[in-house]
Amino acid sequence: MMNHLIKKVVAIIVTMLIAVSVVGCGNNDQQYTRTDFMMDTVMQVTAYGRNAKKAVDESMNKLREIDNLMSSQKSGSDVQKINDNAGVKYVKVNPETFYVIKTALKYSKISDGYFDITVAPLVNLWGIGTDHAHVPTESQIKDAMKYINYKDVLLDEKNDEVKLSRKGMAIDLGGIAKGFAADEVENIMKENGIKHALINLGGSSVYLYGSKPDGSNWNIGIQNPFGDKGTYFAIVSGKDMLIDTSGNYERYFIQNGKRYHHILNPFTGYPAESGVVSTTIVSSNIKSIDADALSTITFILGVDKGMKLIESMPGVDAIFVTPDYKVYATSGLKGKLKITDSRFKLYENR
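Definitions and limits used
Residues numbered from 1 in each chain as written. Predicted model: local features only at pLDDT ≥ 70, side-chain atom pairs only at ≥ 80, totals over all residues. Heavy atoms only, no water. UniProt positions renumbered as here; feature names shortened; annotations may be inferred. Helix = DSSP H or I, 4+ residues; strand = E, 2+ residues; numbered from the N terminus. Rg over C-alpha atoms; globule rule 2.2 N^0.38 Å. Buried < 20%, exposed > 50% of the residue type's maximum accessible area, 1.4 Å probe, protein only. Pairing = 2+ DSSP bridges. Core = buried A, V, L, I, M, F, W, Y, C linked by side-chain atoms within 4.5 Å. Domains from an automatic or database assignment. 1 Å grid on protein atoms, 1.4 Å probe; cavity = no way out; pocket = protein on both sides within 12 Å on 5 of 7 lines; lining within 4 Å. Points joined across faces, edges and corners; volume = space filled by probe spheres on them. Expected span 1.5 Å × (residues − 1). Contact = heavy atoms within 4.5 Å.

Under an unreviewed UniProt entry, the name given to the chain is FAD:protein FMN transferase, and the source organism is Thermoanaerobacterium aotearoense SCUT27. Per UniProt, the comment on the chain under Sequence similarities (unreviewed entry) is "Belongs to the ApbE family."

Engineer: Would you explain the overall build of the chain in this entry?
Structural biologist: When helices and strands are counted, the chain shows 9 helices and 17 strands. Relative to a compact globule of 350 residues, whose C-alpha radius of gyration would be 20 Å, the chain shows 20 Å and is just as compact. Seen along its three principal axes, the alpha-carbon backbone of the chain occupies a region of about 55 × 45 × 45 Å. Here the chain holds 350 residues, and the buried ones make up 54% of them.

Engineer: How should I be thinking about the pairing of strand β6 (residues 196-201) in this particular structure?
Structural biologist: Regular strands place side chains that alternate from one sheet face to the opposite one. Most of β6 sits out of view: 6 of its 6 residues are buried. Neither face of β6 is left uncovered, since the one carrying His196, Leu198 and Asn200 and the one carrying Ala197, Ile199 and Leu201 both have all their residues buried. As judged from the 6 bridges shared by strand β2 (residues 41-48) and β6, these two strands associate in the antiparallel manner. The residue of β6 that forms the bridge with Tyr48 is His196. Where β6 meets strand β7 (residues 205-209), 5 bridges bridge the pair, whose relative direction is antiparallel. From the neighbouring strand, Leu198 faces β7, where its bridge partner is Leu208. Here β6 folds back onto β7, and the loop between the two strands holds 3 residues, one of which, Gly202, carries a positive phi near 90°.

Engineer: What is the right way to read the nonpolar core from this model?
Structural biologist: Nonpolar side chains tend to gather and get buried jointly when the protein is soluble and globular. Ranked by internal contacts, the top residues of the largest apolar core, which has 68 residues, are Leu63, Ile101, Ile171, Leu173, Met189 and Leu294. Three or more residues apiece are contributed to this core by two domains, here domain 1 (31-68 + 178-347) and domain 2 (73-164).

Engineer: In this structure, what is going on with empty space enclosed by the protein? I would like to understand it.
Structural biologist: If you walk through the whole model with that rule in mind, you get 1 cavity of 30 Å³ or more. Roughly 50 Å³ of volume is contained in the largest cavity. If you list the elements that add at least two residues to the lining of the largest cavity, you get α7 (177-191), β7, β10 (241-247) and α8 (288-301).

Engineer: Would you take a moment to explain helix α4 (residues 95-110) for this structure?
Structural biologist: Because an α-helix completes one turn every 3.6 residues, residues spaced three or four positions apart along the sequence face the same direction. Look at α4: 23 Å from first C-alpha to last across 16 residues, which is about the 22 Å you get at 1.5 Å a residue. Glu96, Thr97, Phe98, Val100, Ile101, Thr103, Ala104, Leu105, Tyr107 and Ser108 are the residues of α4 that are buried. Structurally, α4 contributes buried residues whose contacts are with α2 (52-70), α3 (78-84), β4 (153-156), β5 (161-164), α7 and α8.

Printed below as a string of structure tokens:
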């Protein structure tokens, strides 16, 4: 298990150093950066300015606090308490945990259940990303799916209490908690008067706060889903912008020559197969918590349904990559997305 963890940390650090390719920031005399392992990934926060160290230290403390509240693996976390009391009673949780769960249920409704935090029994069954990852039997999958239904998550908004209606149910906030964490770091930057910062939560959730210190755009590489960790196929330029990616390369295992990734379709019980290998949400108009949920939803929906959903959301864009190296981008990314790997071909409409 330790070797598995070390390999994962090294791979993520490489991704953060290369795939999130921040080109020449300049004016970084007052730059401060911290890196830590939380939420099952490596998180890195960089700020520029007089209060950079204070802002970054506060941010890392906040990230640790969120991890302790929302991890399904940490003893005493809100999520573990909810799961332990499934079918028994309401559990009072931190208002932040309640907000994340409520937001997750909103996106469950928007996506007609394709995004569902009650998928935890399936997540635990497959074990993808752990040393015991395996393909379950059909009967095991069907049994786990009996406990998946976001409508069975009951909320008491007056008291910040949550209950899972049936024993055997469990929730997992892994598909949305990092987005909330990025929003909280953004708030800390504002409170400390920071004008320029890079919030990188595992390489898949990146927030470009303000511009680079010299006033120019940040240039962020989008992970090549077919390449090694840290390789990228395109660059997005911008400021005050969030980028959130879901892909079949993030956590997976191979059995009998077939790749099984961690993004599960709650209606089939298997890893989603929608004809895409990665989806990336790009926006200056929504919160990171929204982008985190949307990147998962669009991955499960695929290009046609995913693009239709994103095009209906003002100020939100998406990038879809298919197995044949085709890249589909929504209309708002015209002129902002630059393909850097000639094997990929960009289509700005379907």
